[in-house]
2 protein chains.
Amino acid sequence: MVEDPNFPQRARPAASPAGLSFHALVPAAGRGTRYGGARPKQFRSLAGRPLLAHAVERLLAAGAASVVVALPEGELEAAERELAGDPRLRFVVGGPTRQASVGRALAASPAAAADLIAVHDGARPALAAPDLEAVVRAASAGAAVLGRPVTDTIKRVEGGRILATLDRAALFRAETPQVFRRDLLEQALLAAERDGFVGTDEAALVERLGGIEIRAVVASKPNPKVTLPEDLAEAARLLGAEEAGG
Amino acid sequence: MVEDPNFPQRARPAASPAGLSFHALVPAAGRGTRYGGARPKQFRSLAGRPLLAHAVERLLAAGAASVVVALPEGELEAAERELAGDPRLRFVVGGPTRQASVGRALAASPAAAADLIAVHDGARPALAAPDLEAVVRAASAGAAVLGRPVTDTIKRVEGGRILATLDRAALFRAETPQVFRRDLLEQALLAAERDGFVGTDEAALVERLGGIEIRAVVASKPNPKVTLPEDLAEAARLLGAEEAGG
C-alpha cells in the first residue's frame, strides 16, 4: 500500500509541542449510510472546513510524525485537493470494514515496530490537545484508550428481559484516540483477520491477544462522533465554545 | 403524604386516548447542582413553558389517571402557580435521594395495588406518545422499562485498566418511563430502604426482588435527559422537529 516510497523520508519530523512522539492513522473510509447525502459525511463542512480536516489538523498540530488517512475509493483526489499541504499527511484507499481500513493505513505508515500509533476517528473533530497528550503518554507501556465514565444506567438483557444493572464504576465508554505500539496493533489485526473476528474498536482486537496492559484514560473535553446530520450542529457548538475559551 | 383526602375522588378519570390505564410519578426534587443557576433546572423555560411541564403534560395527555410530582422543598407554590390546572395533578415534597422522592410520591398516589405506575423523569421533555403506550402495555406482566440499544463501545475496567469489551447485543440503556405494578414498586422500595441500597433507577430496585419479569422496550424517538444547560438547546431542537413532523 505504500505508493510513494519517499513518504517516510519526506516526513518532516517536526518536534511535537508537547515533546510527544507518535504516528497516527485515521479510518475515514465509511460511506456514512446512516448520514445520507451525496458526499460522504467526512467531507461535510464544519466551521468552514471538511469535517475530516479537523481531526487531521489536530493530530498534525500535536506533532504527529505522520498521519495516514484511509478514505472511500474515489475520494482520494478530493482529499488531496481539500486537505493536503503537510508533507506528513498521506491518503490510502480503505477497506470494507473499519479494521480493514486501519490495516491498510498501517501498511502505509512509516512508523517503526516500537513507535506509538494513535488511531483516531475522522468524524471526531473536537479532540483536545491535552487529551491526545494524555493518551499518548499513557500508552508508553504499550496501549491506551481515551474515553469517559459511563453515566447512563446500563442493564444486562437477554431475550428482551432485563436481568441486572451493571456497576457503572466498572464500565468505561471507549472513544478515540486509541494508541498502541505498532507491533501490538499489527499482531492484533493479524490475529483478528486469522480468526474472522470483527471488533467495534481497535482495543477490542488488542484485548484478544491477552496479557497486554491497556490503560483507560478519561477525556477532559467532549469529542462526540458525528454520525447523523444533527451531530454536525453539536460539533459546531463545541468548536465555537472552544474558540470562546469554553 | 396524602394532604388532600379528596384527591383520588377529584381525579378526572379521563379515558386515555390509547385506552391505557396507568398512574404516574415524576421525581423532580433534584437541586440540579450539575446545572447551576438560582431556580432548579426543572423550572427553566423550554419552548415557553417550564421544563417540567412538558413531561407532566405528556403523561396527562396520554390519559394518566393521576400524576404525582415530587419537588424540592420550597418549590410547591411555584409549581402550583406554573403547572397546576388539571385535577389529576398533585405535588409533594421530595426526599434527599431519587428513590426517597419516588417513595413519597408513591405514598401520595391514589393508585390501587394492582394498578400500573409509570415513573418518569421530570427532565425528559420529549416523551413520544407511542413510546409511553408501548412501555405501559409491556408492563402488563408487572414491569417494563423504556430505553435504547447501546451503540457505544463499552469496556469493563478495573483500576484504570481495560479488561474486556462487553457484547453490545446484551446491553440496554435504561431511560424512563419505567412502569411497575404498584405492589411491586412498593415492595422494591421497602426492600431497598431496609437494606440501605441506593439504585440509579427504579428497575434496579425491582431487579433485586428476584423472579420479576422486567421487559426492555426500545424507544422509537429520542428523549434525552436535560442535565446541563446545553442540553436545553438540544431538547428545544427535538421539540421543534416534532412540531415540524420530524
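Residues numbered from 1 in each chain as written. Chains lettered and ligands numbered in written order. Predicted model: local features only at pLDDT ≥ 70, side-chain atom pairs only at ≥ 80, totals over all residues. Heavy atoms only, no water.

Enquirer: Even after reading the chapter, I still don't get the packing of helix α4 (residues 98-107) of chain A against helix α6 (residues 182-195) of chain A, so can you show me in this structure?
Expert: How two helices pack is summed up by the angle between their axes together with the distance between the axes. Residues and elements named next belong to chain A. Following both chains from N to C, one finds α4 and α6 inclined at 135°, their axes separated by 11 Å at the closest point. Regarding the angle of α4 to α6, the classification is oblique. For the pair α4 and α6, the crossing hand works out as left-handed. In contact with Gln 99, Val 102, Gly 103, Leu 106 and Ala 107 of α4, α6 contributes Arg 182, Leu 185, Glu 186, Leu 189 and Ala 192. (Axes fitted to C-alpha atoms, helices over the stretch in contact; angles between N-to-C directions. Helix = DSSP H or I, 4+ residues; strand = E, 2+ residues; numbered from the N terminus. Parallel < 35°, antiparallel > 145°, perpendicular 65-115°, else oblique. Left-handed = near helix turned anticlockwise from the far one by under 90°. Contact = heavy atoms within 4.5 Å.)

Enquirer: Hey, could you run me through the packing of aromatic side chains in this one?
Expert: Aromatic rings considered in pairs are described by the distance between their centres and by the relative angle of their planes. As enumerated under the stated definition, the model contains 0 aromatic pairs over all chains in all. The ring of A:Phe197 is capped by A:Arg208, whose NZ or CZ atom sits 4.5 Å from the centre of that ring. (Phe/Tyr/Trp six-rings, centres within 6.5 Å; stacked < 30°, edge-to-face > 60°. Lys NZ or Arg CZ within 6 Å of the ring centre and 35° of its normal.)

Enquirer: Before we go on, may I ask you to explain the pairing of strand β1 (residues 23-27) of chain B in this structure?
Expert: The two faces of a sheet get side chains in turn, since along a regular strand they alternate between them. Residue and element names in this part refer to chain B. A large share of β1 lies buried, amounting to 5 of its 5 residues. Here β1 shows a buried face lined by His 23, Leu 25 and Pro 27 and a second buried face lined by Ala 24 and Val 26. Bridging between β1 and strand β6 (residues 116-119) involves 3 bridges; their strand directions are parallel. Paired with His 23 across the strands is Ile 117, a residue of β6. When β1 meets strand β4 (residues 67-71), the two strands line up parallel, connected through 4 bridges. Bridging across to β4, Leu 25 finds its partner in Val 68. (Buried < 20%, exposed > 50% of the residue type's maximum accessible area, 1.4 Å probe, protein only. Pairing = 2+ DSSP bridges.)

Enquirer: Got a minute to help me understand the confidence of the model for chain A in this structure?
Expert: The predicted coordinates ought not to be read in detail in places where the model reports low pLDDT. All names here are of chain A. The predicted model of chain A has a mean per-residue pLDDT of 91, with 91% of residues at 70 or higher. Contacts from residues 1-14, a stretch scored under 50 in pLDDT, to residues over four places away or in other chains number 30 contacts. Two summary scores accompany this predicted model of the complex, namely pTM at 0.87 and ipTM at 0.89. (pLDDT = per-residue confidence, 0-100.)

Enquirer: Is there a simple way to explain the environment of A:Leu127 in this structure?
Expert: All names here are of chain A. Topologically, Leu 127 is positioned in the loop between β6 (116-119) and α5 (129-138). Residue classification places Leu 127 among the buried positions, given a relative accessible area of 3%. Between the C-alpha atoms of Leu 127 and Leu 51, which are 76 residues apart in sequence, the distance is 12 Å. The residues contacting Leu 127, other than those within four sequence positions of it, are Arg 58, Leu 59, His 120, Leu 132, Leu 146, Pro 177 and Asn 223.

Enquirer: What exactly am I supposed to notice about the interface of chain A and chain B here?
Expert: By a widely used convention, the size of an interface equals the accessible area lost when the partners come together. The partner chain B presents 32 residues to the 32 residues of chain A that form the contact. Both sides of the chain A and chain B interface together cover about 2,800 Å² of buried area, and 54% of this is carbon and sulfur. Along the contact surface separating chain A from chain B lie 8 salt bridges. Counting every contact that joins chain A to chain B gives 20 residue pairs in polar contact (both at pLDDT 80 or more). Mapped onto the side of chain A that touches chain B, the elements with two or more residues apiece are β8 (153-158), β9 (161-165), β10 (171-181), α7 (202-209), β11 (214-218) and α8 (229-243) of chain A. It is β8(A) that provides the largest number of residues to the side of chain A that touches chain B, a total of 5 residues. The class makeup of the residues in the side of chain A that touches chain B is 16 nonpolar, 4 polar and 12 charged. The pairing of β8(A) with strand β10 (residues 171-181) of chain B spans 4 bridges and is classified as antiparallel. Within the sheet, the bridge partner assigned to A:Ile154 lies in β10(B) and is B:Arg173. (Buried area = accessible area lost by both parts, 1.4 Å probe. Salt bridge = Lys/Arg side-chain N within 4 Å of Asp/Glu carboxyl O. Polar contact = N/O pair within 3.5 Å; in protein donor to acceptor, adjacent residues only side chain to side chain. Nonpolar A, V, L, I, M, F, W, Y, C, P; charged D, E, K, R; others polar.)

Enquirer: Teacher, can you tell me more about the relation of the copies chain A and chain B here?
Expert: These two copies of the chain differ by a rotation about an axis and a displacement along the same axis. Turning chain A through 180° and shifting it by 0.0 Å along the axis lays it on chain B, with an RMSD of 0.0 Å. The superposition of one copy onto the other is thereby described by a two-fold rotation axis. Of every C-alpha in chain A, the one belonging to A:Glu234 sits nearest the axis of rotation, 4.2 Å from it. When you check the interface residues of chain A against chain B, 100% turn up at the interface there too, and the contact is symmetric in its surfaces. (Least-squares fit on C-alpha atoms with pLDDT ≥ 70 in both.)

Enquirer: Looking at this structure, I do not really get α4(A). What am I missing?
Expert: Since one α-helical turn is 3.6 residues long, residues separated by three or four positions face the same way. Residues and elements named next belong to chain A. All of the buried residues in α4 are Gln 99, Ser 101, Val 102, Ala 105 and Leu 106. What you see down the axis of α4 is that its buried residues fit within an arc of 155°, all on one side. Contacts from the buried residues of α4 go to β1 (23-27), β4 (67-71), β5 (89-93), β6, α6 and α7. (Arc of directions from axis to C-beta.)

Enquirer: What is the right way to look at the pattern of salt bridges in this model?
Expert: Close approach of charged atoms lets side chains of opposite charge pair. For the structure shown, the criterion picks out 46 salt bridges over all chains. One salt bridge in this structure joins A:Arg173 and A:Glu175, with 3.7 Å as the shortest N-O distance. Owing to a relative accessible area of 5%, A:Glu175 belongs among the buried residues under this scheme. Between B:Arg49 and B:Glu57 there is a salt bridge, with the nearest N and O atoms lying 2.7 Å from each other. Overall, the relative accessible area of 34% leaves B:Glu57 in the partly exposed class. A single network of salt bridges, built from pairs that share partners, joins A:Arg98, A:Asp121, A:Arg124, A:Arg148, A:Arg173, A:Glu175, A:Glu202, A:Lys225 and B:Asp152.

Enquirer: What is the right way to read helix α8 (residues 229-243) of chain B from this model?
Expert: Residue and element names in this part refer to chain B. Counted at 1.5 Å a residue, the expected span for α8 with its 15 residues is 21 Å, and the 22 Å between its end C-alpha atoms agrees. When α8 is considered as a whole, its buried residues turn out to be Leu 232, Ala 235, Leu 238 and Leu 239. The buried residues of α8 all sit within an arc of 120° when viewed along its axis, so they share a single face. Where α8 is buried, its residues contact β2 (45-46) and α2 (51-61). In the segment just after α8, Gly 245 is the residue with positive phi, at about 80°. (Expected span 1.5 Å × (residues − 1).)

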